[in-house]
Amino acid sequence: MKTSRFTVWLPYLWLLIFFLAPFALVLKLSLSEPAIAIPPYNPVLTWEEGIAGWWVDLKRLSFENYRFITEDSLYWKSYLSSVWIATVSTLLTLAIGFPLAYGMARAPRAMRPVLLMLVILPFWTSFLIRVYAWIGILKKEGLLNQFLLWAGLIDQPLTILNTDVAVYIGIVYSYLPFMVLPLYANLEKQDATLLEAAADLGCTPFRAFWTVTWPLALPGVLAGCFLVFIPAVGEFVIPALLGGSDTLMIGQTLYDEFFKNRDWPVSSTVAVILLAILIIPIVIFQRLQQREAGA
Amino acid sequence: MKGVASFRRDFEPWNDGSARPFIQFDNLTKRYGAVTAVDRLSLDIYEREFFALLGPSGCGKTTLMRVLAGFEEASEGAVYLEGEDLAGRPPYRRPVNMMFQSYALFPHMDVAKNIAFGLKQDGMGKGEITDRVAEMLTLVKMEGFATRKPDQLSGGQRQRVALARSLAKQPRLLLLDEPLGALDRKLREETQFELVDLQERLGITFMIVTHDQEEAMTMADRIAVMDVGQIVQVAPPAEIYERPASRYVADFLGDMNFLPTTITSTKGDLATMEGEDGTVLKALNPHQATIGRNAWFAARPEKFRISRNRPVAACNVLQGEVWDIAYLGDLTIYKVRLGDGTFIKASQLNRDVMADDPITWEEQVWLHADPQTALVLPA
Ligand SMILES: Nc1ncnc2c1ncn2[C@@H]1O[C@H](COP(=O)(O)OP(=O)(O)OP(=O)(O)O)[C@@H](O)[C@H]1O
Ligand SMILES: [Mg+2]
């Protein structure tokens, strides 16, 4: 009895230590004011005056940072642009990942572990190095341009590096496994006799895909999309390395605020709002899953 | 065959030389790698026939249906539908519906949508679909379950939905792979009745796999008994029961007692033989076993009469001790041990088993079977 209760609480404990506690710190930071000090802010809600002092502190909490962020267009443009880039990349990843996962799930049983291995293999090298490698491929005199020139498809090298296109390529490349794996897990366990039953009842393979395979794959599609979308919104490395000066993503804005401006409270505020934005799709996702289970 | 009538209707197209088969398996072979699931099988099935496939697990019944439905390609040979080779025709263009052994219900659709699925593919009108779905639900007695998802149903209920879904399109040929196995006896009997009724009303040809021989006997016009990819015998129920072609068929359908013998003389349909202990046995000899050959004397339990006094007969008289008695309600089965240690099962109708002085354990009894009810089967 005791152990079972313990195992139930274990994930919550984990969440408390590694998510809620740091989040509380960030939230507190976002409500304080910047200062020229070390650390560079005026702390609020300190222990110095005990619990009684908190009441006074609460009134002193500053929502100034939040107001500031809504007023400066840089921030909401960053958010919007991040969400847009993440959405487009997620859709692209889905468009590439679905046929890939589908092919893997339909491959001969003996081949599947090998294919799965190939999908996971890139994780064995550093993410940073792989993104760097794309610079070599995408730059003006890079591999891609050389190939296209050699093939006679273009006669001027294309400018891809330091544009949004390079960011899309980077995100799609980096996050593809996160799309493929849940999709594969879903498609692989789909019962093939369902398609036979559909065909038996007069359904062409094309229609059978849309009436049987796709609806049954939706949980996998959703899981894959969230696994790509959520980290992509906050992505920092890829736009920093592959994006251009006009590529606006919230991860970079946050970085600049923190390290260049040394404005910890504002960068914390940016992070808190980012989390709020991301929680919306997560809640939708959970609702859908509950409905799926409850229906 | 003499003495064995077809009980249902005047329906015997397989005896009519001019009748054209509806389905024709022509030397069909289906191999999976090294496994030969169907082995040079030839079989004709006629329109409106109710055809039952019987055979042990793994003998190729499902495979045969899957080739017919178009999910598997024949390795050799061909399947014809009304004379037309079906090779290369995809499942969705065959006038055939199959009920899967695993049901294969669509988990994301409720019961009504599952049943409506095939009708929608045909572009049937909405109102008509609703009517047909309701009709099918009534047929399988699942009226209250239209909005349930398959995972909210019991095994028997799922089976009924699968049956309803395959019936809904009212195809020309229905393949049912163990359609009633998960149903209780009463529901099964009712559904059997509905199926036969449906077949008579709509003229659908049925091919059904079942492990329940009683089901096959009551429903089918003909029964085929299969063994490792081949058909051993095809015949109407009474014929296959009364005149099994081999020991395998006799064993598979019902109970049969076997005694090893040597043929001593033949006369007309009958052969006389001698048991190992010299007992004189006489039985029908449809396979024309010749004098001197070893053969089985075969008789079903209900063909034996059991008595305390030696019956007045010149042959088929056996003596032994009652070893075991099984009371089955309508029947009582006596297991009698003969002098040489072999056992004979004899069943008696319980019309008078509750008589004052019933035969009981360890009694010495006599058994007798009429020569016309026993068979000589090849050894
Ligand atoms: N896809 C497959 N790959 C390899 N072997 C198969 C395949 N399908 C069936 N077999 C083999 O073919 C043989 C016939 O199988 P089938 O499913 O037709 O048997 P069945 O008569 O329907 O048995 P049951 O009564 O248990 O349903 C079996 O030996 C089986 O193992
Ligand atoms: Mg089977």
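## A few points about the interface of chain B and chain A
And then number 1: Each partner contributes to the interface: chain B provides 23 residues, whereas chain A provides 18 residues.
And then number 2: The largest share of the area that chain B buries against chain A comes from Tyr-92, His-108 and Gln-121 of chain B, three residues that together contribute 32% of it.
And then number 3: With a shortest N-O distance of 2.7 Å, Glu-196 of chain A and Arg-66 of chain B are connected by a salt bridge.
And then number 4: Only helix H1 (61-69), strand S6 (96-99) and helix H2 (111-121) of chain B provide two or more residues apiece to the side of chain B that touches chain A.
And then number 5: Counted by class, the side of chain B that touches chain A contains 13 nonpolar, six polar and four charged residues.

## Observations concerning the site of ligand 1
Residues and elements named next belong to chain B.
And then number 1: By nearness alone, 13 residues border ligand 1, and Ser-57, Gly-58, Lys-61, Thr-62 and Thr-63 come closest of all.
And then number 2: In this structure, Ser-57 approaches ligand 1 through a side-chain N or O atom, which is 2.5 Å from an oxygen atom.
And then number 3: For ligand 1, an oxygen atom lies 3.2 Å from a polar atom in the side chain of His-211.
And then number 4: Protein burial of ligand 1: of its 640 Å² of free accessible surface, 62% is covered by the chains.
And then number 5: Of all elements in the fold, only strand S2 (35-45) and H1 reach the threshold of two or more residues within the shell around ligand 1.
And then number 6: Looking at the shell around ligand 1 element by element, the count peaks at three residues for H1.

## Points about the domain arrangement of chain B
All names here are of chain B.
And then number 1: Domain annotation for chain B reports domain 1 (4-247) and domain 2 (257-378).
And then number 2: For domain 1 and domain 2, the distance between their C-alpha centroids amounts to 38 Å.
And then number 3: At the junction of the two partners, domain 1 supplies eight residues and domain 2 supplies ten residues.
And then number 4: Of the roughly 840 Å² buried between domain 1 and domain 2, counting both surfaces, carbon and sulfur atoms make up 54%.
And then number 5: If you sort the residues of domain 1 by the area they bury against domain 2, Tyr-241, Arg-243 and Arg-247 come out on top, with a joint share of 63%.
And then number 6: For the pair domain 1 and domain 2, the interface holds one salt bridge.
And then number 7: As a salt-bridge pair, Glu-242 and Lys-303 come within 3.1 Å of each other at their nearest N and O atoms.

## Description of the sheet that holds strand S18 (residues 343-349) of chain B
All names here are of chain B.
And then number 1: The sheet built from five strands is open, its strands ordered S15-S19-S16-S17-S18 with antiparallel pairing. Sheet topology places strand S15 (304-307) and S18 at the edges, where each strand pairs with a single neighbour. Recorded for the sheet is a direction-independent mean angle of 45° between the axes of neighbouring strands.
And then number 2: Sheet analysis places strand S16 (residues 317-327) next to strand S17 (residues 331-338), joined by seven bridges and oriented antiparallel. Looking at S17, one finds that Gly-320 is bridged to Leu-338.

## Considering the packing of aromatic side chains
Think of a pair of aromatic rings as described by two things: how far the centres are apart, and how the planes are tilted against each other in angle.
And then number 1: As enumerated under the stated definition, the model contains 27 aromatic pairs over all chains in all.
And then number 2: A centroid spacing of 5.0 Å and a plane angle of 65° characterise the contact between Phe-258 of chain A and Phe-259 of chain A, whose relative ring orientation is edge-to-face.
And then number 3: Given the relative accessible area of 25%, Phe-258 of chain A is considered partly exposed.
And then number 4: Within the aromatic cluster, the residues linked to one another by ring pairs are Tyr-41, Phe-236, Tyr-255, Phe-258, Phe-259 and Trp-264 of chain A.
And then number 5: For the cation-ring pair, Lys-30 of chain B lies above Tyr-32 of chain B, with the distance from its terminal atom to the ring centre recorded as 5.3 Å.

## Thoughts on the sheet that holds S2 of chain B
Residue and element names in this part refer to chain B.
And then number 1: Across the sheet, four strands lie side by side as S2-S1-S4-S5; this open sheet has antiparallel pairing. For this open sheet the edge positions go to S2 and strand S5 (84-85), each flanked by a neighbour on one side alone.
And then number 2: Of the pairings in the sheet, the one linking strand S1 (residues 23-32) to S2 comprises seven bridges and is antiparallel in character. Within S2, the residue paired with Leu-28 across the bridge is Leu-41.

## Topic: the packing of helix H4 (residues 73-106) of chain A against helix H10 (residues 205-233) of chain A
All names here are of chain A.
And then number 1: In contact at an axis separation of 9 Å, H4 and H10 are set at 135° when each is read in the N-to-C sense. Classified by the angle their axes make, H4 and H10 are oblique. The two elements H4 and H10 meet at a crossing, and its hand is right-handed. Facing Ser-82, Val-83, Ala-86, Thr-87, Thr-90, Thr-93, Leu-94, Phe-98 and Tyr-102 of H4, the residues of H10 in contact are Phe-209, Thr-213, Trp-214, Ala-217, Val-221, Cys-225, Val-228, Phe-229, Ala-232 and Val-233.
And then number 2: Partitioned by chemical class, the residues of the contact of H4 with H10 number 14 nonpolar, five polar and no charged.

## A word on the environment of Phe-50 of chain B
And then number 1: The residue Phe-50 of chain B is located in strand S3 (residues 50-54) in this model.
And then number 2: With 158 residues separating them along the chain, Phe-50 of chain B and Ile-208 of chain B place their C-alpha atoms 7.7 Å apart.

## Here we look at empty space enclosed by the protein
One water molecule sets the probe size; rolling that probe over the atoms shows where empty space is left.
Residues and elements named next belong to chain B.
And then number 1: One pass over the structure, following the stated rule, counts one cavity of 30 Å³ or more.
And then number 2: Taken as a whole, the largest cavity encloses approximately 60 Å³ of empty space.
And then number 3: Forming the walls of the largest cavity are 14 residues, and the residues nearest its centre are Glu-242, Met-256, Arg-300, Thr-373 and Leu-375.
And then number 4: For the lining of the largest cavity, the elements supplying multiple residues, two or more each, are helix H7 (237-242) and strand S14 (294-299).
And then number 5: Grouping the amino acids of the lining of the largest cavity by side-chain chemistry returns eight nonpolar, two polar and four charged.
And then number 6: Structurally, the lining of the largest cavity is a two-domain feature, drawing no fewer than three residues from each of domain 1 (4-247) and domain 2 (257-378).

## Brief notes about the pattern of salt bridges
And then number 1: In this structure the tally under the stated criterion is 26 salt bridges over all chains.
And then number 2: Its salt-bridge partner being Arg-222 of chain B, residue Glu-49 of chain B comes within 2.5 Å of it at the nearest N-O pair. Of the two residues, Glu-49 of chain B sits in the loop between S2 and S3 while Arg-222 of chain B sits in strand S9 (residues 222-227), which places them 173 residues apart along the sequence. Grouping residues by exposure puts Glu-49 of chain B and Arg-222 of chain B together as buried.
And then number 3: When the shortest N-O distance is used, the salt bridge between Lys-303 of chain B and Glu-302 of chain B registers 3.8 Å.
And then number 4: The structure contains a network of salt bridges with shared partners spanning Glu-196 of chain A together with Lys-30, Arg-66 and Glu-72 of chain B.

## Thoughts on unusual backbone geometry
Glycine aside, the phi torsion of most residues is negative, and most peptide linkages are trans.
All names here are of chain B.
And then number 1: Its identity as a non-glycine residue notwithstanding, Ala-104 has a phi of 50°, on the positive side.
And then number 2: Tracing the sequence through the fold places Ala-104 in the loop between S6 and H2.
And then number 3: Classification of Ala-104 by relative accessible area gives buried; the value is 3%.

Reading guide: rules and limits
- Residues numbered from 1 in each chain as written.
- Chains lettered and ligands numbered in written order.
- Predicted model: local features only at pLDDT ≥ 70, side-chain atom pairs only at ≥ 80, totals over all residues.
- Heavy atoms only, no water.
- Contact = heavy atoms within 4.5 Å.
- Buried area = accessible area lost by both parts, 1.4 Å probe.
- Salt bridge = Lys/Arg side-chain N within 4 Å of Asp/Glu carboxyl O.
- Helix = DSSP H or I, 4+ residues; strand = E, 2+ residues; numbered from the N terminus.
- Nonpolar A, V, L, I, M, F, W, Y, C, P; charged D, E, K, R; others polar.
- Near = heavy atom within 4 Å.
- Polar contact = N/O pair within 3.5 Å; in protein donor to acceptor, adjacent residues only side chain to side chain.
- Areas by Shrake-Rupley, 256 points an atom, 1.4 Å probe, with all protein chains shown as cover.
- Domains from an automatic or database assignment.
- Pairing = 2+ DSSP bridges.
- Axes fitted to C-alpha atoms, helices over the stretch in contact; angles between N-to-C directions.
- Phe/Tyr/Trp six-rings, centres within 6.5 Å; stacked < 30°, edge-to-face > 60°.
- Buried < 20%, exposed > 50% of the residue type's maximum accessible area, 1.4 Å probe, protein only.
- Lys NZ or Arg CZ within 6 Å of the ring centre and 35° of its normal.
- Parallel < 35°, antiparallel > 145°, perpendicular 65-115°, else oblique.
- Left-handed = near helix turned anticlockwise from the far one by under 90°.
- 1 Å grid on protein atoms, 1.4 Å probe; cavity = no way out; pocket = protein on both sides within 12 Å on 5 of 7 lines; lining within 4 Å.
- Points joined across faces, edges and corners; volume = space filled by probe spheres on them.

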